[in-house]
Amino acid sequence: MARLNAWRWAVLALAALYFLVPLAASVVFTADVPGQGVTFDAYTQIVSSDGFGSSLLLSLELAAATIALVLLVTVPAAVALRLGAPRLRPVVEVVCSLPLVVPPIAFVAGIATVLRWGPDHLSRTPLFQTFVAIQNPGFPFVLVLAYVVMALPFVYRALDSGLRALDVRTLVEAARSCGASWPQALVRAVLPNLRGALLNAALLTLALVLGEFTVAQLLGFRPFAVWIYSVGGSQAQLSVAVSVLSLLVTWALLLALAGAGGRTRTASSRG
């Protein structure tokens, strides 16, 4: 047992070195300026740059909308699949895994083709305004739709793992026998027991949206990932500082979301 614990600590130490040493080297490179000593001007320059707050806010709004929409789609589907059509599970797994197979560049090329096709063929129909609305630069809903597709493999796997640990049929039947409708059984009986899986799905989706670059860049929008690329492309120290800041912001948001989920679980267990 002692030998197993030693191996565990050794693996954790190696993993920490693998992740922390490059990060520390990047921070030293950006903060230690020859002839000036230690300075954090690179980071203050980023924070004060035009577009920092708006791009970060846009990415957070896109992440919130993506999390809400992907959970709204996948949770009822996963529960229904578990209860009524378990034989369709392999088909659903293949469909949800397709975004991992299709390269992002091919995916965004298809989206761009559809967006170009719409105004030419739907200009005299009410759907034309829909094409215009989903491409609003203030909140490009087309990115939300793209991110939902890209997040499907991770969200479905997280929910499927959570549902495997539950006796969903018994929970639903117990709620139904108490007079609950199907939506009430899902919300009051199933979802509270899926809190951990829902949190994992939300964390994975948040990380994906904050770090996604290809789709947003090629479609001409400017969320946080595109902004840090445009800001850090001219100077070496500024570019590395932007990468470090992006990583720290992502970690902080993930920790905040995980902490909020942990406090919610603690409060519900006490209640």
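Rules and cut-offs
Residues numbered from 1 in each chain as written. Predicted model: local features only at pLDDT ≥ 70, side-chain atom pairs only at ≥ 80, totals over all residues. Heavy atoms only, no water. Core = buried A, V, L, I, M, F, W, Y, C linked by side-chain atoms within 4.5 Å. Buried < 20%, exposed > 50% of the residue type's maximum accessible area, 1.4 Å probe, protein only. Helix = DSSP H or I, 4+ residues; strand = E, 2+ residues; numbered from the N terminus. Contact = heavy atoms within 4.5 Å. Phe/Tyr/Trp six-rings, centres within 6.5 Å; stacked < 30°, edge-to-face > 60°. Salt bridge = Lys/Arg side-chain N within 4 Å of Asp/Glu carboxyl O. Axes fitted to C-alpha atoms, helices over the stretch in contact; angles between N-to-C directions. Parallel < 35°, antiparallel > 145°, perpendicular 65-115°, else oblique. Left-handed = near helix turned anticlockwise from the far one by under 90°. Nonpolar A, V, L, I, M, F, W, Y, C, P; charged D, E, K, R; others polar. 1 Å grid on protein atoms, 1.4 Å probe; cavity = no way out; pocket = protein on both sides within 12 Å on 5 of 7 lines; lining within 4 Å. Points joined across faces, edges and corners; volume = space filled by probe spheres on them.

## Some points on the nonpolar core
- In this structure, Leu71, Val79, Leu143, Tyr147, Val168, Val190 and Leu219 are the most contacted members of the largest nonpolar core, which totals 52 residues.
- The set of elements that each furnish at least two residues to this core consists of α3 (52–84), α5 (104–122), α7 (141–164), α8 (168–177), α9 (182–190), α10 (195–211) and α11 (214–219).
- Considering every element that reaches this core, the biggest residue donor is α7, with 13 residues.
- Once you skip the residues sitting within four places of it in the chain, Val168 turns out to touch Val79, Arg82, Leu83, Leu163 and Val190.
- Tyr43, Ile46, Leu245 and Val249 belong to the second largest nonpolar core, which has 16 residues in total.

## Things to note about the packing of aromatic side chains
- With the rule as written, the count across this model stands at 5 aromatic pairs.
- Both rings, one in Tyr18 and one in Phe19, keep their centres 5.3 Å apart while their planes meet at 90 degrees; by these two values the pair is edge-to-face.
- For Tyr18, a relative accessible area of 63% translates into the label exposed.
- By the ring-pair criterion, three or more aromatic residues cluster together here, those being Phe52, Phe224 and Trp227.

## Regarding the pattern of salt bridges
- Here the structure, examined in full by the defined rule, presents 4 salt bridges.
- Taking the shortest distance from any N to any O, the salt bridge between Asp160 and Arg164 comes out at 3.2 Å. Separated by 4 residues within a single helix, Asp160 and Arg164 lie in helix α7, roughly one turn from each other.
- Residues joined in a network through salt bridges with shared partners are Arg89, Glu93, Arg157, Asp160 and Arg164.

## Topic: the packing of α3 against α7
- Packing of α3 against α7 brings their axes to within 7 Å, and their N-to-C directions diverge by 45 degrees. Put simply, α3 runs oblique to α7. Between α3 and α7 lies a crossing of right-handed hand.
- Residue classes in the contact of α3 with α7 are distributed as 20 nonpolar, 2 polar and 3 charged.

## Topic: the layout of surface pockets
- The computed volume of the largest pocket comes to approximately 170 Å³.
- In terms of lining, the largest pocket is formed by Leu98, Pro99, Leu100, Val102, Pro103, Pro104, Phe107, Val149, Met150, Phe154 and Leu208.
- Of all elements in the fold, only α4 (89–101), α5 and α7 reach the threshold of two or more residues within the lining of the largest pocket.
- A breakdown of the residues in the lining of the largest pocket according to their chemical character gives 11 nonpolar, no polar and no charged.

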